[in-house]
Amino acid sequence: MKPRPFDYQRAETVSEAVAALAEHGEDARLLAGGQSLIAMLNLRLAEPGILVDVSRIADAKTISEKSGAVEVGAATTQAELLAWPGLADSVPLLALAIPHLGHFQTRNKGTVCGSLSHADPSSELPLCLATLGGEAVLTSAKGSRTLAAGEFQTGMLSTARRPDEMLTAARYPVRNPGEGFAFTEIAKRHGDFAIVALAAVATEKTLRLGVGGMADRPTVREWDLLDGDALDDALNEFAWDLEGYDDGHATARYRRDMVRRLGRKVLEEAKSCRS
Amino acid sequence: MPKLNRDDRHEITVTVNGRTVTGRAEPRMLLSDFLRQEIGLTGVHVGCEHGVCGACTVRLDGNAVRSCLTLAAQADGRRIDTVEGLADPDGTLNDLQQAFRRHHALQCGYCTTGILMSASDFLERNPRPDEAEVRDMLSGHLCRCTGYAGMVRAILEVAEARAGAPEPA
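These numbers come from a predicted model, not from an experiment. (Residues numbered from 1 in each chain as written. Chains lettered and ligands numbered in written order. Predicted model: local features only at pLDDT ≥ 70, side-chain atom pairs only at ≥ 80, totals over all residues.)

### Focus: the packing of helix α2 (residues 95–102) of chain B against helix α3 (residues 112–125) of chain B
All names here are of chain B. Put simply, α2 and α3 touch, their axes get as near as 11 Å, and they point 130° apart. If you check the angle between α2 and α3, you find them oblique. The element α2 and its partner α3 pack so that their crossing is right-handed. Residues L96, Q97 and F100 of α2 form the contact with α3, whose own contacting residues are T112, L116, A119 and S120. (Axes fitted to C-alpha atoms, helices over the stretch in contact; angles between N-to-C directions. Helix = DSSP H or I, 4+ residues; strand = E, 2+ residues; numbered from the N terminus. Parallel < 35°, antiparallel > 145°, perpendicular 65-115°, else oblique. Left-handed = near helix turned anticlockwise from the far one by under 90°. Contact = placed C-beta atoms within 7 Å.)

### A look at the sheet that holds strand β6 (residues 135–140) of chain A
All names here are of chain A. What the five strands build is an open sheet, ordered β4-β5-β10-β6-β7; its pairing is antiparallel. The open sheet has two edge strands, β4 (63–66) and β7 (143–148), and neither has a second partner. For this sheet the average axis-to-axis angle between neighbouring strands, irrespective of direction, equals 25°. Bridge count for β4 against strand β5 (residues 69–73) is four bridges, and the pairing is antiparallel. Within the sheet, the bridge partner assigned to K66 lies in β5 and is A69. (Pairing = 2+ DSSP bridges.)

### So, unusual backbone geometry
Where the residue is not glycine, phi is negative for most of them; where a peptide bond is considered, it is trans in most cases. With a phi close to 60°, R44 of chain A is a non-glycine residue in the positive phi region. Within the secondary structure layout, R44 of chain A lies in the loop between α2 (37–42) and β3 (50–53). For E49 of chain B, which is not a glycine, the phi torsion comes out positive at approximately 55°. Looking at the secondary structure, you find E49 of chain B in the loop between α1 (31–38) and β3 (57–60). The exposure class of E49 of chain B is buried, given the 21 C-beta atoms found within 10 Å. (Buried ≥ 20, exposed ≤ 12 C-beta atoms within 10 Å, placed from the backbone.)

Keep in mind that these numbers describe shape and distance, not what the molecule does.
If you want it as structure tokens, here you go:
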């Protein structure tokens, strides 16, 4: 399993990368960490004419906290974000979720923006972006635009990114005082694709649950504070709305049951660690 | 950097195990194939070629990564370490390799080279891991013949030995 032939260009700056995209359009694919894309090339699920490598753009290897969000640049790896000293304080949900994301060896190379761009419906980083109401910054030769997480990811492996655009930054909102967070997922082997992944946020007045691995994209629902049977009923309704699907790993029924059971567990955990 | 044409073999220079070497690669050539075929480092094993099995793991600028999910062109100008660089030039195995042998952490050896490179990076970052952390790191590798118990014991023993005497209970 080897890729089909393609041209390769290493971009030194974002403007070089977006200029290459403007020139080659849909024939080009951006290569960052390559932890999804090179596997797809090897399996010939992707056959671009040219790869534009953005992984060595020095200006894109950034993590910074500004205007209420942690902004992660296009070349920042998942391991770098996990090791960032401010993460557990600023975006606790990410500190809980990233250890589930692939393995130590793939996080060393896989990027945050690459994972968001790949837009796997069961992936952790898109789920966290959706659950926290984060943003995606897209840049082309003509300028930049910022999309809410829900506008950015449009379906299974698809986003609102236009062929001439690059995802130059992801913005994960910084926690508010009094919020609690929890994350869990079920996978066949730790680090494998999640069968169902769940992210919970509890505030003083609300509960929010994001679910991956059920629909064609991560789906988020928020309720006023509930407990007891009312919470079970709400989760049951959410599970049926998500529907789920059968595949080689689990049935739709099993997936719905995980939303009910693990959903309750993560929401209660998020409530109990509010501070 | 100028565009590399798909049909040409381009010069790629890397520092492998402390030695600077140059080989040639088409843009589509994977780093795993480049190291084996161009540089002759056949200790880099190729298993699944889509990032799941971990056999091809090498260190790129110190970080354990899948060489099958890296293009040779991406490694140009960078440092790579492979299993061939672990032992002394006279063939004396390093402490980690010796511990693997002592604890029967391998039989066929196919997955071992990648695991040694992961464990090398891991122990530098986390010199005193607990068993759960070692197992978490090993979750990025598949062994189909020996199992992981010996590996876990070997890695924990090396960590302890490198740190000096065991801490009092």
